[in-house]
Amino acid sequence: MIRVLPGVLALAMLAWGGCARAASGDVIVPNADQLKAIAAGTNDFAAMGRAGSLLRIQANASYNVALPSGALNAGARQQIAALVLQELGDHYDFIVVAPVMQVNLGEGIRGLHWQVHNDVQGIGRPLLDLRTQFGGAQRLKAVIDLDESILPVSFTSAEYDSLLDTLMHEVMHQWGSYVPLLVSGSPLATPSSHWSSRYDSNASVMFGARWQGLDGQRWRQVKIRDGFGPLDLYLAGFIPQSELPSTRYLLTDELQGGEFPQLGRTVQAEERWVTAQELVTALGPRVPDHGQAQRDFAAALVSLEPVGFPAAAADLDRLELLRGQAQNRFAALTGGRARLDLGIQI
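Residues numbered from 1 in each chain as written. Predicted model: local features only at pLDDT ≥ 70, side-chain atom pairs only at ≥ 80, totals over all residues. Heavy atoms only, no water.

K.L.:
Where do I start with empty space enclosed by the protein in this structure?
P.N.:
Think of a ball as big as a water molecule: rolled over the atoms, this probe shows where empty space is left. Overall, the coordinates contain one cavity of 30 Å³ or more when judged by the stated rule. Approximately 60 Å³ is the volume attributed to the largest cavity. What lines the largest cavity is Ala81, Val84, Leu85, Gly89, Asp90, His91, Tyr92, Ile95, Phe134, Ala137 and Leu140. Counting residues per element, the lining of the largest cavity draws most heavily on helix H1 (residues 74-88), which supplies three residues. (1 Å grid on protein atoms, 1.4 Å probe; cavity = no way out; pocket = protein on both sides within 12 Å on 5 of 7 lines; lining within 4 Å. Points joined across faces, edges and corners; volume = space filled by probe spheres on them. Helix = DSSP H or I, 4+ residues; strand = E, 2+ residues; numbered from the N terminus.)

K.L.:
Would you take a moment to explain the packing of aromatic side chains for this structure?
P.N.:
Note on aromatic pairs: each is described by the distance of the centres and the angle between the planes. Scanning all chains against the criterion turns up 10 aromatic pairs. Each ring, one from phenylalanine 238 and one from phenylalanine 330, has its centre 6.2 Å from the other, and the planes form 90°; the classification is edge-to-face. Here phenylalanine 238 is found in the loop between helix H3 (230-235) and strand S14 (247-251), whereas its partner phenylalanine 330 is found in helix H5 (residues 313-333), with 92 residues between them in sequence. Among the residues examined, phenylalanine 330 registers a relative accessible area of 1% and is labelled buried. Arginine 77 extends its terminal NZ or CZ atom over the ring of tyrosine 63, reaching a point 3.7 Å from the ring centre. (Phe/Tyr/Trp six-rings, centres within 6.5 Å; stacked < 30°, edge-to-face > 60°. Buried < 20%, exposed > 50% of the residue type's maximum accessible area, 1.4 Å probe, protein only. Lys NZ or Arg CZ within 6 Å of the ring centre and 35° of its normal.)

K.L.:
Would you mind going over the layout of surface pockets with me for this structure?
P.N.:
Quantified by volume, the largest pocket comes out at close to 510 Å³. The wall of the largest pocket is formed by 24 residues, among which Asp26, Gly108, His194, Phe207 and Phe260 lie closest to the centre. Here the element with the most residues in the lining of the largest pocket is helix H2 (residues 158-172); it accounts for four residues. Looking at the lining of the largest pocket residue by residue, the class counts come to six nonpolar, 12 polar and six charged. (Nonpolar A, V, L, I, M, F, W, Y, C, P; charged D, E, K, R; others polar.)

K.L.:
Mind showing me how you'd approach H5 here?
P.N.:
Working note: α-helix, 3.6 residues per turn, so residues spaced by three or four point in the same direction. If you check H5, its first and last C-alpha atoms are 30 Å apart, about what 21 residues at 1.5 Å a residue would give, namely 30 Å. Restricting attention to buried positions, one finds in H5 the residues Asp315, Leu316, Leu319, Leu322, Ala326, Gln327, Arg329, Phe330 and Leu333. Seen end-on, H5 carries its buried residues on one side only, within an arc spanning 165°. With respect to the buried face of H5, the exposed residues turned more than 90 degrees away are Ala313, Asp317, Asn328 and Ala332. (Expected span 1.5 Å × (residues − 1). Arc of directions from axis to C-beta.)

K.L.:
Help me understand the side chain of arginine 265, please; the structure alone is not making it clear to me.
P.N.:
By the element assignment, arginine 265 lies in the loop between S14 and strand S15 (266-268). Although arginine 265 is buried, it forms no salt bridge, and the closest oppositely charged side chain is glutamate 259 at an N-O distance of 5.7 Å. For arginine 265, the side chain forms a polar contact with the main-chain oxygen of phenylalanine 260, separated by 3.1 Å. Leave out the neighbours within four places in its chain, and arginine 265 touches Trp211, Trp219, Arg220, Gln221, Leu255, Glu259 and Phe260. (Lys, Arg positive; Asp, Glu negative; His and termini not counted. Salt bridge = Lys/Arg side-chain N within 4 Å of Asp/Glu carboxyl O. Polar contact = N/O pair within 3.5 Å; in protein donor to acceptor, adjacent residues only side chain to side chain. Contact = heavy atoms within 4.5 Å.)

Laid out in structure tokens, this is it:
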């Protein structure tokens, strides 16, 4: 029988403070000093019009994550958000920016989630409202950056499939993985807001893995980055607490918790279990709950193009194909419980 050992859970306050980028991860929470008012007439970025379901925006300035001074380049995202509101209206929960030029989002990082607004309680994430600084759109939750890796890859390659998962990963950062829990002294989520490598996340794209027990307390990662796990779906409001199963967590000195998934990795470990009720008790109830949670989402898709070098027709076609496949991937990963409409909706 599965049971929860006494004393397994403790509430850990992960430091948010003034840190704009936790542990060099892909979630960015700009602070007041980084979000400066955009002066009227600023034209670092300019709308070029629509192409099918895409909004084309010309970049006259850097879109790298950081400026040459080392400061976060939050102003570029603020200008993009303002342009989307101006050109397309207040109809989008997310803005997905796909550059057709080389950008530096950080070492080894293929996507970024710039937090704008959160009004959900009980998910381990603080309430946040930066909508005024991001153009004033009332619906906007986040600006999501992709790198330029879509351009050279084949649609049938594993790398392209990984790019789709990166987009799903950045969308899911709206709700996870911020759970501030300790399991026998070890955190369920890392400081960079991903599931610990010790956590059996059912192979979530938010990391962790699917762990299989072997003989002699050995465990092996048998599936990685394969979808949304049950805890992801609960935090997003897509399943009720009654569908959230107990959580397996491995106690081992062979992992630090921040390792990326590696298919076939084996460790010696002792398993611990945490029930859904204990998770919810530690987090507090989700507000809004599953019955009232949003399930239909819209995301604007921006083709970001360098001045003097407009996107080729083939590049725009690739983004249109990405749009359709991303919508299908989100529907599949949520089991049809939620919908993401990507691209211009009006």
